[in-house]
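Descriptive structure summary
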Amino acid sequence: MIKKSFFVIEKNNGKVTKLPYSSIKEYLLLDLKTKIEKGEIKLRCECSDEIELKISNAKSPYLYNATRQYKHSKDCCRHPEFVGSSPYEKAWSYDEEKGIHIVRIEGIYYATQLPEIKKTNNKVKNNVIYHEGIGSNKGVSTVFGLATKINMMAWEGMVLGNKQRIPIDKYELAKHVYGMASRIKLSSKRKTLNEMFYKQVNIRTVKVKKDVYFVYMYVDHNRLIEEDILHDKTKKDILYCKDAFGKTNRFYVEKEEFEQKKRIEPHSSEYVVAGFVHKEDLYHKCMTLYNYCLIPVSDRGLYSESSHEKNIYDQLCKKELKFYKPYLPIEEYGGFIPDGLILDKRKDIIFEVFGITGMPSYDIRKKEKIAVSKTEKFKSKFNFKYWEINK
Ligand SMILES: [Zn+2]
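Only a predicted model underlies this, so the values are computations on that prediction, with no experimental measurement involved.

Here we look at the overall build of the protein chain
Tallying secondary structure elements over the protein chain gives nine helices and 20 strands in all. Relative to the globule expectation of 21 Å for 391 residues, the C-alpha radius of gyration of the protein chain, 22 Å, shows essentially globular dimensions. Based on the C-alpha atoms only, the size of the protein chain along its principal axes is roughly 80 × 50 × 40 Å. For the protein chain, buried positions account for 52% of its 391 residues. For the protein chain, restricting intrachain contacts to residue pairs at least 6 apart in sequence, the fraction spanning at least 24 positions comes to 58%. Only carbon and sulfur atoms are counted for the fraction: they give 50% of the accessible area of the protein chain, which is about 20,000 Å². Of the charged side chains in the protein chain, 72 are positive and 53 negative, and the gap between their average positions amounts to 2 Å.

Structure, rendered in structure tokens:
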């Protein structure tokens, strides 16, 4: 049995409450921290009676193992080698002491991996996982898997964190993506993703094919790809993007590859461009996006898997409802990952946006989800709501 929860033990009456590690509200953590300091409660991991948990002092607090001599068991999600079963877990691990998420990612090194990435990127659909792990090896994430996860983490971080609200616009979300990146590290790099973030640099000081930066920006849909002509008359395609401050940035892309990436994600006219850039040639005037993805997003920047989902997210935003898009399985929901979760004073609401696909496997899953939502286990924690959308 996989362990993904911890226990809150009240000292005076021994009452035990089980809480999941993921998607925990910040004010709840701070409340627990105060109670620990007052000596009213104790926290311990589900995997072992010996592991007592504490809550960090960081600006965004997190749980960590307070006992160095005892380690989490291998089937506990807090074990550094734990491999989860869902796409957004498989390539990720967690450093509990530092509160940092570590991801294995494909193709940061240009020369050896690029041809293979180009080949796999030419597919009809984006994948979250590049390849699955075997044995104790973890899976490897695609850049799409990394970027969509940070997008959802940043949004969730705002709703569950000290802001306790949804972003006011896509630029505010992009600033939170930047902040969230300080808690993410690529397994092959010493720097955090935040430290790798692209800042406008003097291109002449950048080392060719050596300095690598991470980009997370919005494609400027009012400005088409333009051509740049280099001193030796070679032509380059320039993509215009806007960063978190609305400032324009330019990168080289291959126009055809860019259009193909757009074609496979047609759910919105608004895109995030995310991935890695480097300087490809000494004489280049812009950095080149060499391993990147396009993410279709809602008006306020949330990753949307279909146009129906985007419409619902936009509607919820107009109503200023507090909601987020979960990326990890929810135990009470039969291990499914819903399209969204609305926070509610009485009971949080899990929601789905069902399309009419004509795919039997989709309809079976839909029936299963509705059935799970009627179980006592589910109803003790959540309410359920769904939209059925006819094309
Ligand atoms: Zn544990």
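Section: a positive patch on the surface
The grouping of Arg190, Lys191, Lys199, Lys207 and Lys210 at the surface amounts to a positive patch. With respect to the element layout, Lys207 can be found in the loop between β10 (184-186) and β11 (213-219).

Considerations on the coordination of the zinc ion
Listed as protein donors to the zinc ion are Cys45 (SG), Cys47 (SG), His72 (ND1) and Cys76 (SG); their distances from the metal cover 2.0 to 2.4 Å. As a motif over one chain, the donors of the zinc ion read C-x1-C-x24-H-x3-C. Taken as a pair, Cys45 in strand β3 (residues 41-45) and His72 in the loop between β5 (63-65) and α2 (87-90) lie far apart in primary sequence, 27 residues in all. Accessibility assignment for this pair places Cys45 and His72 in one class, buried.

Considerations on helix α7 (residues 307-318)
Helix length check: α7, at twelve residues, gives a terminal C-alpha distance of 17 Å against a target of 16 Å (1.5 Å per residue), a fit within 8%. Each element contacted by the buried residues of α7 is listed here: α4 (143-160), β17 (323-324), β18 (340-342), β19 (348-355) and β20 (382-389).

Looking at a nonpolar patch on the surface
Taken together, Val208, Leu282 and Tyr283 make up a surface patch of nonpolar side chains, about 300 Å² in accessible area. By the element assignment, Leu282 lies in the loop between β15 (271-278) and β16 (287-296).

Overview of the nonpolar core
Leu146, Phe276 and Phe323 are the most contacted members of the largest nonpolar core, which has 65 residues in total. In terms of residue count, the dominant contributor to this core is α4 (eleven residues). Counting 20 residues, the second largest nonpolar core, distinct from the first, contains Leu239, Phe251, Phe258 and Tyr271.

Some points on the sheet that holds strand β7 (residues 100-103)
What the three strands build is an open sheet, ordered β6-β7-β10; its pairing is mixed. Strands with a single pairing partner mark the edges of an open sheet, and in this sheet they are β6 (92-95) and β10. Taking each pair of neighbouring strands and ignoring which way they run, the sheet shows an average axis angle of 30 degrees. Sheet topology places β7 next to β10; three bridges connect them, and they run parallel. Bridged to Val103 within β10 is Leu186. Each of β6, β7 and β10 is contacted by α4, which is oriented at about 170 degrees to β10, the strand it contacts most.

A look at the sheet that holds strand β2 (residues 16-20)
Whether parallel or antiparallel, the strands of a sheet pair through hydrogen bonds between backbone atoms. The strand order across the open sheet formed by five strands is β2-β1-β3-β4-β5, and the pairing between neighbours is antiparallel. Both outer strands of the open sheet, β2 and β5, are each paired with one neighbouring strand and no more. Mean inter-strand twist for the sheet, computed between neighbouring axes without regard to direction, equals 40 degrees. Pairing of strand β1 (residues 5-10) with β3 involves five bridges; the strand directions are antiparallel. Among the inter-strand pairings, Phe7 is bridged to a residue of β3, identified as Arg44.

Let's talk about the pattern of salt bridges
Per the stated rule, a full pass over the model turns up 28 salt bridges. Ionic pairing is found between Lys35 and Asp31, a salt bridge with its closest N-O pair at 3.5 Å. Of this pair, Lys35 and Asp31 are both found in helix α1 (residues 26-37), four residues apart, which corresponds to roughly one turn of the helix. You can call Lys35 partly exposed: its relative accessible area is 31%. Residue class for Asp31 comes out partly exposed when judged on its relative accessible area of 35%. With a closest N to O distance of 3.4 Å, Arg346 and Asp344 form a salt bridge. Classification of Asp344 by relative accessible area gives partly exposed; the value is 25%. A network of salt bridges, in which partner residues are shared, links Asp299, Lys310 and Asp314.

Digging into the side chain of Lys369
Note that Lys369 resides in helix α8 (residues 360-372). When sequence neighbours within four positions are dropped, the list of residues in contact with Lys369 reads Tyr333, Phe336, Glu352, Phe354 and Phe384.

What about the side chain of Lys279?
Here Lys279 lies in the loop between β15 and β16. For the buried residue Lys279, which engages in no salt bridge, the nearest side chain bearing the opposite charge is Asp281, 7.9 Å off. Within the structure, Lys279 has its side chain in polar contact with the backbone oxygen of Ile203 (distance 2.9 Å). Look past the residues within four positions of Lys279 in its chain and what remains in contact with it is Ile203, Arg204, Val206, Val208, Lys209, Asp211, His284 and Met287.

Criteria and thresholds
The residue count restarts for each chain, going from 1 along the sequence in the order it is written. Selection of residues for local features in this predicted model requires a pLDDT of at least 70, selection of side-chain atom pairs for listing and counting requires 80 or more, and totals for whole chains, interfaces and linings are taken over all residues. For side-chain calculations, the full set of non-hydrogen atoms in the structure is used, while hydrogens and water are omitted. A run of H or I in DSSP becomes a helix once it reaches four residues, and a run of E becomes a strand once it reaches two; helices and strands are each numbered from the N terminus. When we talk radius of gyration, it's over C-alpha atoms, and the globule rule is simply 2.2 Å times the number of residues to the 0.38. Residue exposure (1.4 Å probe, protein chains only): buried if accessible area is under 20% of the type maximum, exposed if over 50%, otherwise partly exposed. In this analysis, two residues are considered to be in contact whenever any of their non-hydrogen atoms come within 4.5 Å of each other. For every accessible area listed, the method is Shrake-Rupley and the probe measures 1.4 Å; residues are considered covered only by the protein chains on display. Counting rule applied: Lys, Arg positive; Asp, Glu negative; His and chain ends not counted. Working definition for charges: the position is that of NZ of Lys, CZ of Arg, CG of Asp or CD of Glu. Surface patches are drawn from residues lacking salt bridges whose relative accessible area is over 30%; two like charges belong together within 9 Å, two nonpolar side chains (Val, Leu, Ile, Met, Phe, Trp, Tyr) within 5 Å. What makes a salt bridge here is a side-chain nitrogen of Lys or Arg within 4 Å of a carboxyl oxygen of Asp or Glu, nothing more. Coordinating donors are taken to be N, O and S atoms lying within 2.8 Å of the metal, or within 3.2 Å when the metal is Na, K or Ca; because water is excluded from the atom set, some sites may appear incomplete. In this analysis, the expected span of each helix is defined as 1.5 Å times one less than the number of residues it contains. In this text, buried Ala, Val, Leu, Ile, Met, Phe, Trp, Tyr and Cys residues form a nonpolar core when linked through side-chain atoms within 4.5 Å. One requirement defines pairing of two strands: DSSP has to find at least two bridges between them. Angles shown run from 0 to 180 degrees and are taken between the N-to-C directions of axes, each axis being a line fitted to C-alpha atoms and, for helices, limited to the stretch in contact. Residues adjacent in sequence count toward polar contacts only when both atoms are side-chain atoms; beyond that, a polar contact is any pair of N or O atoms within 3.5 Å, and within protein one must be able to donate a hydrogen and the other to accept it.

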